Amino acid sequence: MTTFVWLIIILFLLMILVAGKQGFKAFIGLIVNLAAIFLLIILINWQFNVYIVTVAISFIILAVSIYLSADNQEVTNHAFVASLIVLFAVVLLIIPINYLANVQGFSSESSEELEGLLLAVGLNFHRIAFIVTVIASLGAIAEASMAISADLHELIESTPDITNANLYKQGNIIGAQIIGTALNTLFFGVLGENLTLAIFYIRLHYSFAQLINGKLLVAAIIDLFIAMIGVLLTIPVTTWIVAHVHAKKNKLQN
């Protein structure tokens, strides 16, 4: 517990030193989002509708993550709208994917730890898998939408008469630049989280067939690919929103 507290203190001090007021706001955002996750757990435990609760909490997490990360209202508004559109697209994708993959619940590797425990807890593990996949995608979606929105707005401020065609072109260029780092962040995050599992599989001499059919590994890969798809969708959606609003403003001014 002491180590945990010290890490929080170090994180807080570094955020203040590096980003000042914005770092303080980001730290508050982390606390609010952590509280939102706890609220999600409580509501699911009280048997509220999983899909409605997950979307509502995701709405809160995205709003906090985006609106506390920048002061430019236009940038945050466009990033938030884009994130919501991508979130709903991802939700529609996750439901059939999780159903077809059938990776919900515990794996055979967990059997020893679960012996003697009551498993009839009244939870639908298909729905729990849905929650995990959605929550795992939110950070990447919010980060990508903010990066695209902020860069495009800077471009518009420096070149007010930029055409929509050039704006789309620049959006694609910016998107191509952030895709590599965003996807690598997701990949190495999942790899680091599951490195012990990978070593465990290797030491037990799992065959390739066992690997690709293992629940733990497949679930991690699904979460990774869903988050990657979310990032890839965020780039054109955010670009379209910014370009659409810019075109409307030009029409009104003319």
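Criteria and cut-off values
Residues numbered from 1 in each chain as written. Predicted model: local features only at pLDDT ≥ 70, side-chain atom pairs only at ≥ 80, totals over all residues. Heavy atoms only, no water. Helix = DSSP H or I, 4+ residues; strand = E, 2+ residues; numbered from the N terminus. Buried < 20%, exposed > 50% of the residue type's maximum accessible area, 1.4 Å probe, protein only. Contact = heavy atoms within 4.5 Å. Phe/Tyr/Trp six-rings, centres within 6.5 Å; stacked < 30°, edge-to-face > 60°. Patch = residues over 30% accessible without salt bridge, like charges linked within 9 Å, V, L, I, M, F, W, Y side chains within 5 Å. Areas by Shrake-Rupley, 256 points an atom, 1.4 Å probe, with all protein chains shown as cover. Salt bridge = Lys/Arg side-chain N within 4 Å of Asp/Glu carboxyl O. Axes fitted to C-alpha atoms, helices over the stretch in contact; angles between N-to-C directions. Parallel < 35°, antiparallel > 145°, perpendicular 65-115°, else oblique. Left-handed = near helix turned anticlockwise from the far one by under 90°. Nonpolar A, V, L, I, M, F, W, Y, C, P; charged D, E, K, R; others polar. Core = buried A, V, L, I, M, F, W, Y, C linked by side-chain atoms within 4.5 Å. pLDDT = per-residue confidence, 0-100.

## Examining the side chain of K25
Next, step 1: One can find K25 in helix α2 (residues 21-45).
Next, step 2: For K25, a relative accessible area of 18% corresponds to the buried category.
Next, step 3: Setting aside residues up to four positions removed in sequence, K25 forms contacts with L68, A70 and D71.

## Some remarks on the packing of aromatic side chains
Here the distance between the centres and the angle between the planes together describe a pair of aromatic rings.
Next, step 1: This structure, assessed with the given rule, holds five aromatic pairs.
Next, step 2: Between F59 and F80, the aromatic rings sit 5.2 Å apart at their centres with planes inclined by 75°, giving edge-to-face as the arrangement. Placement of F59 in helix α3 (residues 50-67) and of F80 in helix α4 (residues 73-101) is noted, with a sequence separation of 21 residues between them.
Next, step 3: Residue classification places F59 among the partly exposed positions, given a relative accessible area of 40%.

## Looking at a nonpolar patch on the surface
Next, step 1: Taken together, the side chains of F4, V5, W6, L7, I8, I9, I10, L13, L14, L17 and V18 present a nonpolar region at the surface, about 1,100 Å² in accessible area.
Next, step 2: Its place among the elements puts V18 in helix α1 (residues 2-19).

## Quick look at the packing of α3 against α4
Relative orientation and spacing of two packed helices are given, respectively, by the angle between their axes and the distance between those axes.
Next, step 1: Contact pair α3 / α4: the axes reach a minimum separation of 10 Å and the direction vectors enclose 150°. Accordingly, the angle class assigned to the pair α3 and α4 is roughly antiparallel. At the point where α3 passes α4, the crossing takes the right-handed sense. Here Y51, V55, S58, F59, L62, A63, I66 and Y67 of α3 come into contact with α4, specifically with Q73, T76, N77, A79, F80, S83, L84, L87, F88 and I95.
Next, step 2: Looking at the contact of α3 with α4 residue by residue, the classes come out as 13 nonpolar, five polar and no charged.

## A word on the nonpolar core
Next, step 1: Of all hydrophobic cores here, the largest spans 34 residues; its most connected members are L62, L87, F130 and V134.
Next, step 2: Taken together, the elements giving at least two residues each to this core come down to α2, α3, α4, α6 (125-158) and α10 (215-253).
Next, step 3: By residue number, the principal contributor to this core is α4, which donates ten residues.
Next, step 4: Not counting chain neighbours up to four residues away, the residues in contact with L62 comprise F80, S83, L84, L87, L138 and A142.
Next, step 5: Of all hydrophobic cores here, the second largest spans 22 residues; its members include A140, L155, I174 and I178.

## Some remarks on the packing of α2 against α3
Next, step 1: Where α2 meets α3, the axes come as close as 9 Å, and the angle between the chain directions of the two elements is 175°. The angle between α2 and α3 places the two elements in the roughly antiparallel class. Contact residues: α2 offers G29, V32, N33, A36, I37, L39, L40, L43 and I44, while α3 offers V50, V53, T54, I57, I60, I61, V64 and S65.
Next, step 2: In the contact of α2 with α3, the residues fall into 13 nonpolar, four polar and no charged.

## Some details on the confidence of the model for the chain
Next, step 1: When the pLDDT values of the chain are averaged, the result is 82; 87% of them are 70 or greater.
Next, step 2: Model confidence for the chain, summarised as mean pLDDT per element, is weakest for helix α5 (residues 111-114) at 49 and strongest for α3 at 91.

## Some details on unusual backbone geometry
Next, step 1: Residue Q47 is not a glycine yet carries a positive backbone phi of 70°.
Next, step 2: One can find Q47 in the loop between α2 and α3.

## A look at the environment of V55
Next, step 1: Tracing the chain through its elements places V55 in helix α3.
Next, step 2: The partly exposed category is assigned to V55, whose relative accessible area is 23%.
Next, step 3: The sequence separation of V55 and F88 amounts to 33 residues, and the corresponding C-alpha distance is 8.3 Å.

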